[in-house]
Amino acid sequence: MLTTGPRGTRDILPDTSGYWQYVEKTIRDVCQKFAYQEIRTPIFEHTELFLRGIGETTDIVEKEMYTFTDRGKRSITLRPENTAAVVRSYLENKLYSGPQPTKLYYVGPMFRYDRPQAGRYRQFHQFGVEALGASGPAIDAEIISLAIVFFNQLGLSDLNLFINSVGCPQCRPVYRDSLQAFFRDKIADLCSDCQSRYERNPLRILDCKQDGCTKHSQGAPHLADCLCDECGSHFTGLQQLLTAAGINFTINLRLVRGLDYYTKTAFEIQYAPLGAQSAVCGGGRYDGLIAECGGQPTPGIGFAIGIERVLLALEQQQLLPTVLNAIDVFVAPVGAEAQTTAFQLLTELRRAGIAADMDFTNRSLKAQMKYANKYPARFVALIGQDELVQSKVMMKNMETGSQQLIAAAELVDWLIGEMKK
Ligand code: AMP
C-alpha cells in the first residue's frame, strides 16, 4: 500500500511533466489571445454545490463523487468538475458587477470515482473555459473557436465537432412528453439506469452507451423538431457564425444534456483515433445554472477538455516536443580541487540567467560528457588542473564538437554572445 498510489491516480514524473507544461503554456497563450482570464477555485467545495450545480440525477452525483464529512461535520466533495465552482465564485465575489461577459478559464485536477482505463482516471485534469453574462450565439461560437484553436495550435487537426441544441425550459417539456411516449413500450428492454431515467430524465436515455438502449433509441423524436422560436434562431445563428468562421461541424441530434439548466447549445469535440475515449472536449450553454445556484438569472456557456486525453492524442501523433530539459551549460569539474571553482562558476552563470547544471557525484570526465548529452547541454564547461592554474575554462560546443579556452572572468559575456548566434 505504501508504495502504490490509489487506483485511478497517476504520478506525473519528471520525464513527462515537461509535456504538461507545454500543454499548459499553450492553454495560457490561447486564453490570453481570446481575452479569457484565469480563475483558481478550491479543490473541494460544499457537497450541496455539486448536488445543485451538476444535478442529483446525473451519473457524476449518483455514482462518482468523492464525498466525506470533515471534522466540523460538514459534507465536503472533491470537485468532479469545475463549472459549479466557477459559478459559485462568480456569485460570491460579485464578478457580475464588472463589465460582462466575465470570461474565465481554469486548469486543474478533478476527481471522479470512474472505472479506470486508458484515458479515464479517478484524478484527471481539465482545462475549462466559462463565459458568463452573454446570451447571444456569438459567444457560443467564440468558445467553440477557442477550443479548436487550442487543438490546432498543438498540431491536432483531425477533429470532429458535433453540435446540437437542447432547447430550454419552454420547449423541452413538449419534447420530454413525446420522448416518453416513444419509449413507453420499450421500457422493459432498456438498461436499469435508463428505466429509472424514463421518469426522471428521459433525455438521458439518448445519451446511454449500452447497446440495447442505443438500438431502442433509433428513430426517437428529435428535440431540434420541437425547439421554440428563440432556441431555433439561436441554433441557426450559431451555425451561421461557425460557417462564417470556417469551422466545420456536424449536427448530432443525439447530443443531450438532460438537466433543466442546460439550454440551447450543446457540443462535443472528438478525436477519433483515441477510440473509446475519443471525447476530448464537452461543453454547452447553461442559462439556468446561475439562478439555480442562487444568483439572478444570468446566461452562461463553457467547455471542459481532458488534458490526459489531449496528451494521449499528442503522443499517438508524435506531436510532443522532443527537447524538454535542455540547458545552456553543464559545468564539468575534473578532480576534487575543481569543485569549488565549478560551483562558483555555476552560481555566476545562473545569476546571469543562463540555464546551467554541474556534476555532483564525482563522475569521470567521460561519464560527465555522457550525462551532459542527456539534457542536452549546449556547452560543457570543463575545469581540470590546467584550467584551474590559468583561471580559464575549456568550453566545448556539444553540437559542433569545437573547443575554446575562455578566461573564467569573461565566461558569462562570452556565453551570452554565443547564445545569440
Ligand atoms: P465532462 O466534464 O464529463 O463533460 O468531461 C469533459 C472532458 O473531460 C471529457 O471530454 C474528457 O476529455 C475529460 N474527462 C472526463 N472524465 C474523465 C476521466 N475520468 N478521466 C480522464 N478524462 C476525463
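All figures in this text were calculated on a predicted structure; none of them were measured in a lab. (Residues numbered from 1 in each chain as written. Predicted model: local features only at pLDDT ≥ 70, side-chain atom pairs only at ≥ 80, totals over all residues. Heavy atoms only, no water.)

## Observations concerning the packing of aromatic side chains
No. 1: Under the criterion given, the structure shown has 11 aromatic pairs.
No. 2: Among the aromatic residues, those joined into a cluster by ring pairs are Phe 127, Phe 150, Phe 151 and Phe 303.
No. 3: Here the basic side chain of Lys 186 rests over the ring of Phe 182, its NZ or CZ set 3.9 Å away from the ring centre.
No. 4: Between the NZ or CZ atom of Arg 363 and the centre of the ring of Tyr 371, over which it lies, the distance is 3.8 Å. (Phe/Tyr/Trp six-rings, centres within 6.5 Å; stacked < 30°, edge-to-face > 60°. Lys NZ or Arg CZ within 6 Å of the ring centre and 35° of its normal.)

## Here's the deal with the domain arrangement of the protein
No. 1: Here the domain parsing of the protein yields domain 1 (14-171 + 227-316) and domain 2 (327-419).
No. 2: Taken over C-alpha atoms, the centre of domain 1 sits 48 Å from the centre of domain 2. (Domains from an automatic or database assignment.)

## Remarks on the nonpolar core
One broad trend across soluble globular proteins is that nonpolar side chains are buried collectively.
No. 1: In this structure, Tyr 36, Phe 127, Phe 150, Phe 151 and Phe 303 are the most contacted members of the largest nonpolar core, which totals 86 residues.
No. 2: Top contributing element to this core by residue count: helix α5 (residues 137-153), with nine residues.
No. 3: For Phe 127, the contacting residues outside a window of four places in its chain are Ile 27, Cys 31, Tyr 105, Tyr 106, Val 107, Leu 146, Phe 150, Phe 303, Ala 304, Ile 305 and Ile 307.
No. 4: Of all hydrophobic cores here, the second largest spans 20 residues; its members include Ala 342, Leu 345, Ile 354 and Phe 379. (Core = buried A, V, L, I, M, F, W, Y, C linked by side-chain atoms within 4.5 Å. Buried < 20%, exposed > 50% of the residue type's maximum accessible area, 1.4 Å probe, protein only. Helix = DSSP H or I, 4+ residues; strand = E, 2+ residues; numbered from the N terminus. Contact = heavy atoms within 4.5 Å.)

## Overview of the sheet that holds strand β6 (residues 123-132)
No. 1: Spatial strand order, β1-β5-β6-β11-β10-β9-β7-β8: eight strands in an open sheet with mixed pairing. Sheet topology places β1 (37-38) and β8 (250-251) at the edges, where each strand pairs with a single neighbour.
No. 2: Bridging between strand β10 (residues 279-285) and strand β11 (residues 300-306) involves five bridges; their strand directions are antiparallel. When the sheet's bridge partners are listed, Gly 284 is paired in β11 with Gly 302.
No. 3: Relative to strand β5 (residues 102-111), helix α1 (residues 14-33) is tilted by about 160°, and along the sheet it contacts β1, β5 and β6. (Pairing = 2+ DSSP bridges. Axes fitted to C-alpha atoms, helices over the stretch in contact; angles between N-to-C directions.)

## A short note on the site of the ligand
No. 1: As a matter of local geometry, the ligand sits amid 14 residues, with Arg 112, Asp 114, Tyr 121, Gln 126 and Ala 279 nearest to it.
No. 2: Interatomic distance of 3.0 Å between a side-chain N/O atom of Gln 126 and an oxygen atom of the ligand.
No. 3: In isolation the ligand exposes 480 Å². Once the protein is present, 86% of that is buried.
No. 4: Mapped by element, the contributors of at least two residues to the shell around the ligand are β6, β10 and β11. (Near = heavy atom within 4 Å. Polar contact = N/O pair within 3.5 Å; in protein donor to acceptor, adjacent residues only side chain to side chain. Areas by Shrake-Rupley, 256 points an atom, 1.4 Å probe, with all protein chains shown as cover.)

## Looking at the sheet that holds strand β15 (residues 392-397)
No. 1: Here we have five strands laid out as an open sheet, ordered β13-β12-β14-β15-β16, and mixed in their pairing. Looking at strand neighbours, the two that pair on one side only are β13 (356-358) and β16 (403-407), the edges of this open sheet. Each adjacent strand pair in this sheet contributes to an overall mean axis angle of 25°, direction not counted.
No. 2: Sheet analysis places β15 next to β16, joined by five bridges and oriented antiparallel. When the sheet's bridge partners are listed, Met 395 is paired in β16 with Gln 404.
No. 3: Packed on one face of the sheet, helix α13 (residues 365-374) meets β12 (327-333), β14 (377-383) and β15 and runs near 170° to β12.

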